[in-house]
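# Structural features, examined
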6 protein chains.
Amino acid sequence: MEIKRPSDSITTMTNLVMPNDANIVGNLFGGKLMEWMDICGALSAARHSKNVCVTASVNNISFAKPIHLGETVTLVARVVRAFNTSMEVYIEVYAENIKKGTKRKCNDAYFTYVAVDENYQTVKVPAIQPLSEEEQELFELSLLRRQLKLLMAEKITLKDAPELRAQMVEWMETSKG
Amino acid sequence: MEIKRPSDSITTMTNLVMPNDANIVGNLFGGKLMEWMDICGALSAARHSKNVCVTASVNNISFAKPIHLGETVTLVARVVRAFNTSMEVYIEVYAENIKKGTKRKCNDAYFTYVAVDENYQTVKVPAIQPLSEEEQELFELSLLRRQLKLLMAEKITLKDAPELRAQMVEWMETSKG
Amino acid sequence: MEIKRPSDSITTMTNLVMPNDANIVGNLFGGKLMEWMDICGALSAARHSKNVCVTASVNNISFAKPIHLGETVTLVARVVRAFNTSMEVYIEVYAENIKKGTKRKCNDAYFTYVAVDENYQTVKVPAIQPLSEEEQELFELSLLRRQLKLLMAEKITLKDAPELRAQMVEWMETSKG
Amino acid sequence: MEIKRPSDSITTMTNLVMPNDANIVGNLFGGKLMEWMDICGALSAARHSKNVCVTASVNNISFAKPIHLGETVTLVARVVRAFNTSMEVYIEVYAENIKKGTKRKCNDAYFTYVAVDENYQTVKVPAIQPLSEEEQELFELSLLRRQLKLLMAEKITLKDAPELRAQMVEWMETSKG
Amino acid sequence: MEIKRPSDSITTMTNLVMPNDANIVGNLFGGKLMEWMDICGALSAARHSKNVCVTASVNNISFAKPIHLGETVTLVARVVRAFNTSMEVYIEVYAENIKKGTKRKCNDAYFTYVAVDENYQTVKVPAIQPLSEEEQELFELSLLRRQLKLLMAEKITLKDAPELRAQMVEWMETSKG
Amino acid sequence: MEIKRPSDSITTMTNLVMPNDANIVGNLFGGKLMEWMDICGALSAARHSKNVCVTASVNNISFAKPIHLGETVTLVARVVRAFNTSMEVYIEVYAENIKKGTKRKCNDAYFTYVAVDENYQTVKVPAIQPLSEEEQELFELSLLRRQLKLLMAEKITLKDAPELRAQMVEWMETSKG
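Below or above, wherever it landed, is the structure these notes cover. Since the model is a prediction, treat every value here as computed from it, not as a measurement. (Residues numbered from 1 in each chain as written. Chains lettered and ligands numbered in written order. Predicted model: local features only at pLDDT ≥ 70, side-chain atom pairs only at ≥ 80, totals over all residues. Heavy atoms only, no water.)

## Some points on the relation of the copies chain E and chain F
Spelled out, the test is: Here the copies are superposed with least squares, the fitted atoms being C-alpha atoms of residues at a pLDDT of at least 70 in both. In what follows, a contact means two residues having at least one pair of non-hydrogen atoms within 4.5 Å.
Its rotation angle being 180 degrees, the transformation that places chain E on chain F also includes 0.0 Å of axial translation and leaves an RMSD of 0.1 Å. Taken together, the rotation and translation relating the two chain copies correspond to the operation of a two-fold axis. Relative to the rotation axis, the closest C-alpha in chain E is found at E:Asn60, a distance of 2.9 Å. Here 100% of the contact residues of chain E are again contact residues in chain F; the copies associate through an equivalent surface.

## Considering the interface of chain E and chain C
Quick reminder of the rule: Buried area: the accessible area, evaluated with a 1.4 Å probe, that two parts lose upon being put together, summed over both parts. Salt bridges are identified by distance alone: a Lys or Arg side-chain nitrogen within 4 Å of an Asp or Glu carboxyl oxygen. Pairs of N or O atoms within 3.5 Å make up the polar contacts considered here, provided that, within protein, one atom can donate a hydrogen while the other can accept it, and that residues adjacent in sequence are counted only when both atoms are side-chain atoms. Classes in brief: Ala, Val, Leu, Ile, Met, Phe, Trp, Tyr, Cys and Pro nonpolar; Asp, Glu, Lys and Arg charged; the others, Gly included, polar.
At the junction of the two partners, chain E supplies six residues and chain C supplies six residues. Carbon and sulfur atoms make up 71% of the surface buried where chain E meets chain C, a total of about 430 Å² over both sides. The three residues of chain E that bury the most area against chain C are E:Met18, E:Pro19 and E:Asn20, which together make up 76% of that side's buried surface. In this assembly, chain E and chain C are joined by zero salt bridges. Linking chain E with chain C are one residue pair in polar contact (both at pLDDT 80 or more). Partitioned by chemical class, the residues of the side of chain E that touches chain C number four nonpolar, two polar and no charged.

## Section: the relation of the copies chain E and chain C
Overlaying chain E on chain C yields an RMSD of 0.1 Å, the required transformation being a rotation through 120 degrees with an accompanying axial translation of 0.0 Å. Here the transformation between the copies is reduced to the relation of a three-fold axis. By C-alpha distance to the rotation axis, the residue of chain E lying nearest is E:Asn20, at 3.1 Å.

## Here's the deal with the side chain of B:Glu92
Residue and element names in this part refer to chain B. This is how the line gets drawn: Helix numbers and strand numbers start at the N terminus; a helix is a DSSP run of H or I with at least 4 residues, a strand a run of E with at least 2.
Within the secondary structure, Glu92 is located in strand β5 (residues 86-97). A polar contact is formed between the side chain of Glu92 and the side chain of Lys105, at a distance of 3.1 Å. The contact partners of Glu92, leaving out residues within four places of it in the chain, are Thr74, Leu75, Val76, Arg78, Lys105, Asn107 and Asp108.

## Quick notes on the sheet that holds strand β4 (residues 72-83) of chain B
Quick note on the threshold: Note: two strands are recorded as paired if DSSP finds a minimum of 2 bridges between them. To define axes, lines are fitted to C-alpha atoms, for helices over the stretch in contact only, and angles between the resulting N-to-C directions are given on a 0 to 180 degree scale.
Taken in spatial order, the ten strands line up as β2(A)-β4(A)-β5(A)-β6(A)-β3(A)-β3(B)-β6(B)-β5(B)-β4(B)-β2(B) in an open sheet, and their pairing is antiparallel. Each of the sheet's edge strands pairs with one partner strand only, and the pair in question is β2 (11-16) of chain A together with β2 (11-16) of chain B. The average angle at which neighbouring strand axes cross in this sheet is 25 degrees, direction not considered. Here strand β3 (residues 52-63) of chain B runs beside strand β6 (residues 102-116) of chain B; their pairing, made up of ten bridges, is antiparallel. Its bridge partner lying in β6(B), B:Ser57 is registered against B:Thr112. Of the strands in this sheet, β3 (52-63) and β6 (102-116) of chain A together with β2, β3, β4, β5 and β6 of chain B are in contact with helix α1 (residues 30-49) of chain B, which crosses β4(B) at around 45 degrees.

## Considering the pairing of strand β5 (residues 86-97) of chain D
Residue and element names in this part refer to chain D. Stated formally: Exposure classes here rest on a 1.4 Å probe applied to the protein chains alone. A residue is buried below 20% of its type maximum, exposed above 50%, and partly exposed in between.
Of all the twelve residues making up β5, eleven are buried; the element is thus mostly covered by neighbouring parts of the structure. Bridge count for strand β4 (residues 72-83) against β5 is eleven bridges, and the pairing is antiparallel. Paired with Thr74 across the bridge in β5 is Tyr94. Where β4 hands over to β5, the hairpin turn is made up of two residues, of which Asn84 adopts a positive phi near 60 degrees.

## Focus: the interface of chain E and chain F
Facing the 38 residues of chain E at the interface are 38 residues of chain F. Taken together, both faces of the contact between chain E and chain F bury some 3,300 Å²; the carbon and sulfur share is 70%. Together, E:Met152, E:Trp171 and E:Met172 form the three largest contributors to the area buried by chain E at its contact with chain F, with a combined 18%. Across the chain E-chain F interface, the total number found is zero salt bridges.

## Description of helix α3 (residues 162-176) of chain D
All names here are of chain D. Convention followed: Multiplying 1.5 Å by the residue count of a helix minus one yields the expected span of that helix. Here, the arc refers to the directions that run from the helix axis to the C-beta atoms.
Spanning 15 residues, α3 covers 21 Å between terminal C-alpha atoms, matching the ideal 21 Å at 1.5 Å per step. Along α3, the residues that are buried comprise Leu164, Gln167, Met168, Trp171, Met172 and Ser175. Viewed along the axis of α3, the buried residues span an arc of 140 degrees, placing them on a single side of the element.

## Some remarks on the packing of aromatic side chains
Operational definition: Centres within 6.5 Å make a pair out of two Phe, Tyr or Trp rings, where for Trp the six-membered ring is used; the pair is then stacked when the planes are under 30 degrees apart, edge-to-face when over 60, and tilted otherwise. Over a ring means this: the NZ of a Lys or the CZ of an Arg is within 6 Å of the ring centre and within 35 degrees of the ring normal.
Evaluated as defined, the whole model comprises twelve aromatic pairs over all chains. For the pair F:Tyr90 and F:Tyr110, a centre-to-centre distance of 4.8 Å together with 25 degrees between the ring planes defines the contact as stacked. Taken as a pair, F:Tyr90 in strand β5 (residues 86-97) and F:Tyr110 in strand β6 (residues 102-116) lie far apart in primary sequence, 20 residues in all. Looking at F:Tyr110, the relative accessible area reads 12%, which means it is buried. Across from the ring centre of D:Tyr94, 5.6 Å away, lies the NZ or CZ of D:Lys103, which sits over that ring.

## Section: the arrangement of the chains
Separated in space, chain B and chain E share no contact, their closest pair of C-alpha atoms being 16 Å apart. There is a gap between chain C and chain F: no contact, and a shortest C-alpha distance of 16 Å.

## Some words on the environment of D:Lys105
Residues and elements named next belong to chain D. With respect to the element layout, Lys105 can be found in strand β6 (residues 102-116). Residue Lys105 is classed as partly exposed on the basis of its relative accessible area of 30%. In sequence terms Lys105 and Val58 are 47 residues apart; their C-alpha atoms lie 20 Å from each other. Ignoring sequence-local partners within four residues, the contact set of Lys105 consists of Lys65, Tyr90, Glu92, Val93 and Tyr94.

## Examining the pattern of salt bridges
Under the criterion given, the structure shown has 60 salt bridges over all chains. For E:Glu135, the salt bridge identified is with E:Arg5, shortest N-O distance 2.9 Å. With E:Glu135 in helix α2 (residues 133-152) and E:Arg5 in the loop between β1 (3-4) and β2 (11-16), this residue pair connects regions lying 130 residues apart in the sequence. Owing to a relative accessible area of 8%, E:Glu135 belongs among the buried residues under this scheme. Classification of E:Arg5 as partly exposed rests on a relative accessible area of 27%. For E:Glu92, the salt bridge identified is with E:Arg78, shortest N-O distance 3.5 Å. Within this pair, whereas E:Glu92 is found in strand β5 (residues 86-97), its partner E:Arg78 is found in strand β4 (residues 72-83), the two being separated by 14 residues in sequence. Grouping residues by exposure puts E:Glu92 and E:Arg78 together as buried. One salt-bridge network, held together by shared partners, links A:Arg78, A:Glu92, A:Lys105, A:Asp108 and A:Glu134.

Structure, rendered in structure tokens:
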């Protein structure tokens, strides 16, 4: 099966924050932003897998900086790692200041999608080949997050997760210093 | 400051899945469900803190079982742990079969909220006192999740997270077996 | 056929008033509140009848006190009387002040629903057995409202409505005083 | 103060039933129709009173015949009686068959609105002078409905409602036959 | 085939500008108004052709005067010319001042619709017979707009558009003066 | 004042057609697409002018090919010509077939926007310098469309529109052949 790069699945979505999207203090409502993230991530996963993709889990979303009514929001999503039938997608959210021509990063998120066929059965997806240093780092962190999730849900032990085990040893070493 | 129990902040939200809420295969759209979760969790955090609460992060959402058009959805949210100005809220989602009078659990999620005053400044929130065994377990896991998040973001080392360190040692022991 | 109590069908719905739900003076828009009432009442009727329920009529809604943007709204619905294939549902609407932990009652409403099967044919529903004094009063008023509606639509005469006739006699007596 | 006819306040609203407006069996969702009724009635009351009008109560709505996806809906509202600061508005709902050029009446409703000034204080509204026989009948029924509502809420006795008392006597006579 | 007048297809739609419909400066959002225009025009074309109509093109919309939150908007649409299977519809938009009982014209637009049967195949539509002077003028301008569009898309030459050619000669004459 | 190229204002918007966006035959509803066009075009104009932009007119939209439920829609907007305080934006709409990795062009549109400052007063915008042959062609057509609009509205004569006059002469020559 074909191997792809994260950049092959980059999907960009632009929106204007309208009154309809705002919460009671005039900022972009978190529920609305999550809806946009979900669609943008699903399109990125679909671009990677050439199949319809459904959301399997949200691994993390951070709401670091509020986005205001009337601002332009850009979401950029790309697949950072693929695991047999699932893909982890990294989504970055920027708010744009039109006057100054500047952008500030406001949030990021990790969503996992599963590719399905016409009968709603899961299908295999291409693997990811990271090239740049940043892609490599996201690729490795993705595996650690996955192993941690399975470990905390008691579906695996550390024996099945050598990469996470190595990371834990490293954390322990560092904390001794 | 007052200490509260998780049960003090239980918030229940009931919805009917209308065509407007469905995705293209006729199930409840993930983005819509996240919107409902966000509101239900915010109301629970508000009930705990007696203040307006804004979403700080989504720690995890799992979309285990699809919910269908026409089904009744019940969300139940409660604060499982409080950390100075933030609260972790656990949200469970059930779909109900009216004919049979049965409910199935479809999803769960962990959201973190921050309490703010009229000037949008963070305020201290009451601590949580878990009583039941389940409450105690959610209480302990909440701290581990928080320490892991800070550790992976390189904001702390394991030295600052003795509970997580102990858990890691236990995981390592178990995997030796 | 089984007999049920009003409390068996209690259905609670919680919502946050978002900008999207407000009218031009910043209060919860009446049309939106009616939509929420309709869904909450239908779920209560479904819980009573174990069948899908469709709205047959709105008997009365009073909009006594406005609800403001950012407030938490709780709707509580329960079946007060059943008539062969139809049910009258009483819906109360509360707005909550999070800071003070108080609730004020803002509106109430009476909706009538009909239970239908898969072929959209009406089906019989369980009778209601009121227990508390308040349940008993709502139960009796429900019959009077129904008889009045049929009488004013010229579908019955007072001969078919002995309870209403007795009530009229009482009203006449009282007014003589 | 000026006296007006019901026809002076006739307000017509036309809508197409889109997927967004449908319930799970493909008919116009009751909550949506109530929203349209509320707006159409408020515009009619505003036309009569030359002021902004807010909904005071829904006196009755009957959902006699379902309206289907893709049909054209026409709402016609007019003020049938005015009482000092409030107005009762009668709203008729028609569904149109474009191919045949026919219309069928599907629902009707009675809403009460109150006129308010810039400071949200109630203001006096013009009286209604019914001319046609149908207008006269709606005019008289409107008073009876109002007296009944006040009587059932124990805000008046029959002494304050001579028209309703006369009607009751007539109902009693008729039922003797 | 039957010949009809523009007045046979007049369709009126009334709406209240709610917060949900406003842009960030508190005026009716252009995208929302276009949505209303599209529905109102499609209903007018359906009334003319006795068939479902789909939008083929928007020929022109001018946004001359903003409409404010809380204002009543009335759209009036009528077919001004029919061309075999398509119709050009003229849509006028008015905002109403309830207090003063005045209306101001805010926008107008020309939309073209095509009538389709159950199999989504285009069907012939009745011709238009303009009667009043205004109807006659709209009728003639409609043909010129159509010929110009085809000419600019290089689908015809001026040889196929004698009316447009005559108009061009007139424009040239006028500009000589 | 700065001169810019059309490519400086390219704005891309990606959307998934959800049930909420569909008309009664399951295709993307025209009113919804116009709403997306309006936002995408406004963002492109804002990028060109570094100011908030409001819609002045829609010059043309063609709905050539329907877009289906579940398809991914991409809108691409860029400023093709600037006139003192207004800009004409060309918007192309593509539907994407994920499985095949192909895109088909479905619609295009021309919108005119005006740049405004904080006080809602129009402000001057940078001129456009077309470079490629396609950009040059769009640049010239934009002027002709503007002159035609003013001429048909009787706001100018051909004397004020030498480019349009020359084009008319050319059309007349061609049609003689």
